Amino acid sequence: MFLFLQTGSCQSSTEHRDTAALPTSAEQRNHIHCRKESAVMEKSSLPVLLLTGLCGAVFSLTRQHFYVGIQTSWPEAQRFCRTNFKDLSTVNSQAELEQLMSMAEPGSLEPWIGLYRDTQEWRWAAGQEVTFCNWRRRLFCATAGPDGLWVDGVCDDTFPFMCYTNTSDISQRYTLVLQPMSWSAAREYCRQNHTDLVSVQDRSENAAVSARAQGRVFWIGLFNEPWKWADGANATYRNWYYRQPDDWAYAERCVVMSWNGFWFDFNCSLALTFYCCSADPSLRCQLNSDWKTWDEARSFCRSQNADLAVVRSQEENEQLQQPPYLAWIGLLHDQENWQWVSGADLGYSNWKTQLFCAAANPEGYWWDFVCDLELPFMCYTDTSDVSQRYTLVLQPMSWSAAREHCRQNHTDLVSVQDRSENAAVSARAQGSVFWIGLFNEPWKWADGANATYRNWRRYSPDNNDGKQKCTVLNLAGADNGTWNDKTCSEQRPFFCQDDVRDLILVRENRSWEEALDFCRSHYSDLTSIVSAKEQVAALRAAGTQSEYVWLGLRQSLVSGAWFWVNREPLGYEAWGQGGQPQCPLSSHCGAMSARTQLWTDLPCDLRLSFICYRD
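Residues numbered from 1 in each chain as written. Predicted model: local features only at pLDDT ≥ 70, side-chain atom pairs only at ≥ 80, totals over all residues. Heavy atoms only, no water.

**Focus on unusual backbone geometry**
For step 1, the next point in the chain: Of note, the bond from Gln 244 into Pro 245 is cis; its omega dihedral lies within 30 degrees of zero at -5°.
For step 2, the next point in the chain: Of note, Pro 245 is situated in the loop between strand 11 (227-229) and strand 12 (254-258).
For step 3, the next point in the chain: Phi is positive for Arg 567, close to 75°, though the residue is something other than glycine.
For step 4, the next point in the chain: Relative to the helices and strands, Arg 567 resides in the loop between strand 32 (562-564) and strand 33 (589-593). (Helix = DSSP H or I, 4+ residues; strand = E, 2+ residues; numbered from the N terminus.)

Structure (structure tokens):
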């Protein structure tokens, strides 16, 4: 038999009483009545208690969601949920999504859910490790952020910067200079006062440099020098205008001189005047007033035994005849050429790409795009026949649809493993921008779950301002029920989730013992409630249809102590006024009021609805 050691007010007495000696006080009569009632009920309840002693606490947990109308940031919402529940809500199915939608307040702000953008994780759809990449960075000098990710910027922007000192003293190796400077000025300062701007060789060094930055964006010693002269010369003189080159719209790859002698990068397909310089250095360069594209201008100059102008110094720049507006010179944006100021190879990189699926352009450079954008795509077929290996599909599709098409009709979207394969794929592209099989899945659930269900709004996530790392649930219009990425500091309501028992209300009027038998026959047991969270779950299960519902709560007729029949500890209690009933005359079974949300003792033969928990 199950033994309860808690002591109630109904004590078993060994004192011998003469049957002729009748109690003389109401208190004494009540005490004897209580003992007699206990004895009768104890005898009839013996099978129940025996069963209780043999039955362990077997139950399953289910995830339940709670809407919190407080408006706060995503990190604060997560802290609230982890303090009061388990975590921000994870959504693994359409059914769970609809449950959240039904709970949200009409007309409220879109609430947070638990999906957030973690570290970048670019990978190939076919599963290979990303060992080769060919990103088309737009700008020409690199900064690092507090998260350790690198961003390309305009070199004339001013930022703090990190100098490197070649020393064995690790504490003196990295120096953060807080005075904002342009990249060139920062490099000059570091070379005069330390060794150079910092070069980052691996992940651990990147972490050390980021830690020293104290949460700031700062210049590192990485720069892009893709500019080449038309005649192949490598002179380093440049005369860029302020905040140039800027590679506007990823389409400015040729250089013009303006009327004041400064240089700008421009779209090569525009028709402008141009400079032709003779191969004879004694002859001056001539400004040609014909309007031609950069390629047409170079071809024309070469047909005249000349070439587009090469400018090696400030003196040569001043010798060119000032154009009335703009004129081509011979400087061209060639292949990417990112390099460290120290001369070290770029063996490690940590670029911050903004979006989440990769496409390649006809030149072989890769861009990150919103995954819903519809583009042609390149499929790969695992075959020894090189001519059949790559298939360009010109019908535009989203990245996901393209992957599905390739997997059904070929092997997969193409994975590019080295520069020669990248060139072969680009040659097959016929001038198209096309999807490749590279994608970024940085989105994680707050509780660590890795479920793949997603319900993004069309053209989301788009990381609009570069800072959208948290997710909201849209509640209105055509986007109702879809998700969108937002800046985590915005103030919004949110959903919490918790693991609770899977409860079911049985709307059949039964006595407590009949309810117990029913639950154990059809489910697992009459429910116990061991926390405030489970109390909320039980109240939700009870609804408002019944005034009272049976719980798996019973009073020991030996000791008077209350206990859960599934052997859970009675740590949490929600009794009504007066607290735990001490010695009821005939009310030895526990029920919960759906109206008052409190527990009470009732006669066990009352016929009520009841709550079971499932297996």
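**Description of the state of the cysteines**
Covalent bonding between the sulfur atoms of two cysteines is what defines a disulfide.
For step 1, the next point in the chain: Per the counting criterion, the structure on display carries 11 disulfides.
For step 2, the next point in the chain: One disulfide in the model links Cys 141 with Cys 155; its S-S distance is 2.1 Å. Given an S-S torsion of about 95°, the disulfide between Cys 141 and Cys 155 has right-handed geometry. Separated by 14 residues along the polypeptide, Cys 141 in strand 5 (residues 141-144) and Cys 155 in the loop between strand 6 (150-153) and strand 7 (159-164) bring together distant segments of the chain.
For step 3, the next point in the chain: Residue classification places Cys 141 among the buried positions, given a relative accessible area of 2%.
For step 4, the next point in the chain: The exposure class of Cys 155 is partly exposed, given its relative accessible area of 23%.
For step 5, the next point in the chain: At a sulfur-sulfur separation of 1.8 Å, the disulfide partner of Cys 276 is Cys 301. Because the sign of the S-S torsion sets the handedness, a value of about -85° for the bond joining Cys 276 and Cys 301 places this disulfide among the left-handed ones. One end of the pair, Cys 276, is in strand 14 (residues 272-278); the other, Cys 301, is in helix 7 (residues 294-303), and 25 residues separate them in sequence. (Disulfide = S-S within 2.5 Å. Buried < 20%, exposed > 50% of the residue type's maximum accessible area, 1.4 Å probe, protein only.)

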